[in-house]
Amino acid sequence: MSSLSHTPKKPTTPSTPMSVSREAQARSEIGETHITHEQARFITILFLTAILVVPFTQHRRGLREYLRHDPVTELSYYKAFDGVGGAMTNAWHAAPDRLHRFLDANAELLKRIHAFEDDMDDITWIARESRPPMQVLMCRMGVGNEKAFVGRDGWLGYEPGLRSLTGPGFLEPRQLRKRARSGDETSDAVQPNPVTGIVHFRDELRRHDIELVVVPVPVKPSIYPDVFSSRYTQVDAAIQNSSYGAFRDQLNAAGVHLYDPAATLIAQRELGQAYLKTDTHWTPTAMQRVAEGTAQFITDTFSLPEGSPAGVTSAATVTNLGDIAFMLDLPTNQTLFAAEQVHIRRLVAAKTDAPADVLVLGDSFANIYSQSLMNWGEHAGFAEQLSIALVRPVDSIIKNDGGAYATRLELKNELRSGKDRLANTRVVVWMFAARELALGDWKELTIERPTQTNNSAERAPAPKADISARGTVAAVSGGPEKGALYKHFICKFYVTGLVDDEGKPIGDGTGVVRVFGMRDRVILPIAAKKAGDALQLTLIPWETVSAKYGSLKSDDLDDFMLEIDHPLYWGEPIREN
């Protein structure tokens, strides 16, 4: 017996209209559909089962953990709403007027909802079980995910890099207006114009008799468009965003010193590999060639005093799988993408007491072979290669991600805290991924060096020992994101009521504590801590580990002066409360 039946259409007669709207036809046919009560019940039960089986199974697994007295990890996504009432109340009372009370309280609730949804994507059993095999299938079909895409012959690309090339011109007035209005309930709008941000920074440095060299590093699809699109059969020049020519012309007209490494990278492509196949970053040889080109540009443009070798070099071999491959969330035993082997040139026994007159501000392109936690070696990054090429010590401030803003803010904060990173500097090399031109935040920052009149800004020192401490979170930075490019993320907490095991205040009882919020792409429970939560950690002075962890991706507290006025610590959780 047929489950569905339709009344046959009547033949067209002179009295029947020849033209019937699609909406009217659909309404007519739906209205003639017949279904039995038994079929309706079966379809309803099937539909409800499909909807409820996942949450029912998830909660059953969480209940089993609870009855076994194990940590209830299967339902930990509910922690996103811990303290939400208090947070909304605080946002309500902190707002200046009634309208902003509703907006700020709603923004706090939206943050928790988004965190809840992201945690569910990671924690639910069906996501954990189905995502890796589905990603294998998608990759075999030549499709990646929302952040990674698959090219030919084992090459992988990073979606934001591709978008920065194929999207609208970043200097087009319409695009600038659109990005300037990009803020929402949970984030501020950006300053979208890289030209004004760069010229302002150049002018700030010149007030202190320091020159600026800008080095925008092309992203992988710019140099290797042919491995991602069949439209390109021969590559003689880098592919750039449609506004890049205007960007270069405007910087030149403003007298900004720009070293464009695109031609160097195209030449390296002809000689060998310029970028890693499964990673967002360049090869060690390509980075070395760009460092040498930058050094030559500096030597030809400025008159620096004669330098001396910054240290001793040594060679090393590193084998690793790239960051884009890990973003695909493939099974650990996947064979689709192979690890790559590279040869790095390390700068060892570097002189740390010699003053450096060149300062590098760089993002992960400078950090990849310098920071050991990125798993591509250490002491062999862009700053080290520039030091070798210039035959002189080179200082550096490196932060993964946010090359348009993060390193400048770090420099500003260090200067405000009394540490004069520009005391001996004559040239600042600002190196960043060129995708920042279209996607970055180019806020203008005032650069003020420490003087005799503002030494009061120097923060209180942190105790020089490991201390078991507890306190209360008063403010927290942003947290890690699911599927992030970088596998480590540092959270910052402003903590009050800091006391040791005996209840004695530590220092003045306050401090800014940095901790791992995500490690090896695993978001840690401490990342969910909110204002008002208790913390128990082992504290050590931040300065003792800043060289090791300072370049990792992090977010900032809303009030950056908290890091200026209070002791800085590194924290290792003792237990979660």
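Keep in mind that this is a model prediction, so the values were computed, not measured. (Residues numbered from 1 in each chain as written. Predicted model: local features only at pLDDT ≥ 70, side-chain atom pairs only at ≥ 80, totals over all residues. Heavy atoms only, no water.)

### Quick look at the sheet that holds strand β9 (residues 427-433)
Filter applied, for reference: Strand pairing is assigned whenever DSSP identifies at least 2 bridges connecting the two strands. Starting at the N terminus, helices and strands are each numbered in turn, a helix being any DSSP run of H or I of at least four residues and a strand any DSSP run of E of at least two.
Strand order in the open sheet formed by five strands is β4-β3-β9-β7-β8, and the pairing between neighbours is parallel. Among the strands making up the open sheet, the edge pair consists of β4 (257-258) and β8 (395-398). Here strand β3 (residues 211-217) pairs with β9 via seven bridges, running parallel. Counterpart to Glu-211 in the pairing with β9 is Val-427.

### What about the packing of aromatic side chains?
Note on aromatic pairs: each is described by the distance of the centres and the angle between the planes. Condition: Only Phe, Tyr and Trp rings are paired, with Trp represented by its six-membered ring, and only when their centres lie within 6.5 Å; those with planes under 30 degrees apart are stacked, over 60 edge-to-face, the remainder tilted. We count a charge as sitting over a ring when the NZ of a lysine or the CZ of an arginine lies within 6 Å of the ring centre and within 35 degrees of the ring normal.
Inspection of the entire model under this criterion finds 20 aromatic pairs. Seen in terms of ring centroids, Tyr-259 and Phe-297 are 5.9 Å apart; in terms of plane orientation they differ by 45°. Their pairing is tilted. In this pair, Tyr-259 sits in the loop between β4 and α11 (262-271) while Phe-297 sits in helix α12 (residues 284-301), placing the two residues 38 residues apart along the sequence. Cation over ring: Arg-408 sits above Phe-201, and NZ or CZ is 5.9 Å from the ring centre.

### Details of a nonpolar patch on the surface
Heads up, the rule is: Residues enter a patch when their relative accessible area is above 30% and they make no salt bridge; the linking distance is 9 Å between like charges and 5 Å between nonpolar side chains (Val, Leu, Ile, Met, Phe, Trp, Tyr). In this description, accessible areas are obtained by the Shrake-Rupley approach with a 1.4 Å probe, and a residue is regarded as covered only by the protein chains that are shown. Salt bridge criterion: a side-chain nitrogen from Lys or Arg within 4 Å of a carboxyl oxygen from Asp or Glu. The classification of residues rests on relative accessible area computed with a 1.4 Å probe and restricted to protein chains. Under 20% of the type maximum is buried, over 50% is exposed, and intermediate values are partly exposed.
Judged by side-chain polarity, Ile-35, Phe-42, Ile-43 and Leu-46 come together as a nonpolar surface patch covering roughly 420 Å² of accessible area. Tracing the sequence through the fold places Phe-42 in helix α2 (residues 37-67). Given a relative accessible area of 56%, Phe-42 falls into the exposed group.

### Points about a positive patch on the surface
Put simply, the test is: Charge assignment in this entry is limited to Lys and Arg as positive and Asp and Glu as negative, and neither His nor the chain termini are counted. Every charge is mapped to an atom, namely NZ of Lys, CZ of Arg, CG of Asp or CD of Glu.
A surface patch of positive charge is lined by Arg-174, Arg-177, Lys-178 and Arg-181. Position of Arg-177 relative to the elements: it lies in helix α7 (residues 173-180). You can call Arg-177 partly exposed: its relative accessible area is 46%.

### What about the pattern of salt bridges?
Inspection of the entire model under this criterion finds 21 salt bridges. The residue Arg-289 makes a salt bridge to Glu-292 at a minimum N-O spacing of 3.7 Å. Pair noted here: Arg-289 and Glu-292 are both in helix α12, with a separation of three residues, about one helical turn. Judged by relative accessible area, which is 32%, Glu-292 ranks as partly exposed. A salt bridge links Lys-487 to Asp-520; the nearest nitrogen and oxygen atoms lie 3.8 Å apart. Separated by 33 residues along the polypeptide, Lys-487 in the loop between β10 (467-476) and β11 (489-500) and Asp-520 in the loop between β12 (510-519) and β13 (522-523) bring together distant segments of the chain. Relative accessible area serves as the criterion here: at 16%, Lys-487 is assigned to the buried category.

### So, the pairing of strand β14 (residues 534-541)
With respect to burial, β14 is a largely interior element, six of its eight residues being buried. Note that β10 and β14 share six bridges and pair antiparallel. Looking at the pairing, Thr-472 lines up with Ala-534 of β14. As judged from the five bridges shared by β14 and strand β15 (residues 568-573), these two strands associate in the antiparallel manner. Following the sheet pairing, Pro-541 is matched in β15 by Tyr-569.

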